[in-house]
Amino acid sequence: MDSRNPSGAVPPYAETEPHPAEFPWLDFLVTDNETIDREHREAVEQGNQLLRILAARENWADALEMLRRARARSARHFATEDGILEQTGFLGRDQHRQAHAHILAEFDRVLAELETVADPQAHHWERAHRPRNLLVDHCLKDDLLFKSHLMHFGGARP
Ligand SMILES: [Fe+2]
Ligand SMILES: [Fe+2]
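Note on numbering: residues in each chain are counted from 1, in written sequence order. The naming scheme follows written order: chains are lettered A onward, ligands numbered 1 onward. Residue-level local features of this predicted model are given only where pLDDT is at least 70; pairs of side-chain atoms are given and counted only at 80 or more, and the full residue set underlies all totals for whole chains, interfaces and linings.

1. Structural notes on the overall build of the protein chain
Strands are runs of DSSP state E lasting at least 2 residues, helices are runs of H or I lasting at least 4, and numbering of each runs from the N terminus. A tally of regular secondary structure across the protein chain gives six helices and zero strands. Its helices and strands taken in sequence order, the protein chain reads α-α-α-α-α-α from the N to the C terminus. A residue is called partly exposed when the number of other C-beta atoms within 10 Å of its own lies between 12 and 20, exposed at 12 or fewer, and buried at 20 or more, with C-beta atoms placed from the backbone. Taking all 158 residues of the protein chain together, 20% fall into the buried category. Across the protein chain, every contact between residues at least 6 apart in sequence was considered, and the portion connecting residues at least 24 apart equals 75%. The contact rule is simple: place each C-beta atom from the backbone, and if two of them lie within 7 Å, those residues are in contact.

2. Structural notes on the nonpolar core
Among the nonpolar cores identified, the biggest contains nine residues, and these are Leu 50, Ile 53, Leu 54, Ala 63, Met 66, Leu 67, Ala 70, Trp 125 and Ala 128. Considering each element in turn, this core owes the most residues, four residues, to helix α2 (residues 60–87). Sequence-distant contacts of Ala 70, that is, excluding residues within four places in its chain, are made with Gln 46, Leu 50 and Pro 131. The nonpolar core criterion groups buried Ala, Val, Leu, Ile, Met, Phe, Trp, Tyr and Cys residues into a set whenever they are joined through C-beta atoms within 7 Å. Core analysis: the next-biggest nonpolar cluster, separate from the first, contains six residues, Ile 36, Leu 85, Phe 90 and Leu 150 among them.

3. Considerations on the confidence of the model for the protein chain
Taken as a whole, the protein chain shows an average pLDDT of 88; of its residues, 84% reach a score of 70 or greater. One number per residue, pLDDT, summarises how confident the predictor is, and it ranges from 0 to 100. Looking across the protein chain, the model is least confident in helix α6 (residues 147–153), with a mean pLDDT of 85, and most confident in helix α3 (residues 93–114), with 98. Across residues 1–5, where pLDDT falls below 50, the model places six contacts with residues more than four positions away in sequence or in other chains.

4. Digging into unusual backbone geometry
Positive phi is not limited to glycine here, since Asp 32 has a value of about 75 degrees. Within the element layout of this structure, Asp 32 appears in the segment before α1 (34–56). Here Asp 32 falls in the partly exposed class, since 14 other C-beta atoms lie within 10 Å of it. Positive phi, close to 50 degrees, is recorded for Arg 57, a residue that is not glycine. With respect to the helices and strands, Arg 57 occurs in the loop between α1 and α2.

So, in structure tokens, the structure goes:
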């Protein structure tokens, strides 16, 4: 039995997923690569839309649809970013590509779990925060690692 969940009544992740706030676009996120910056703005906007749907806890179908759209948008964005990091010779590109693959795999795990749910309980709504939390962490920790690289070596390229 999981020590965080001795009763077994609620899955262990229910109390461990944070309740994030809306995330505004912040100037320090700008990398000077127009494509990446545009896609990051879209991600922030879509993430906040998802957050509002999850906070309302009214429409499960909309929540699932937003998660699917976020998964598809993330896959497109990751491919764009991987290509730009390859073209501009970013040294950490392999680790970055792996981080993207990890996020997409986690996205698929969460979607597979939640798409079987017809009558969502509190812990399902909580679980639906997981992909966005991963994306925000990735943007703030991993994407900022290549910001100075792009600004010096390839920021102006598409
Ligand atoms: Fe990335
Ligand atoms: Fe990114």
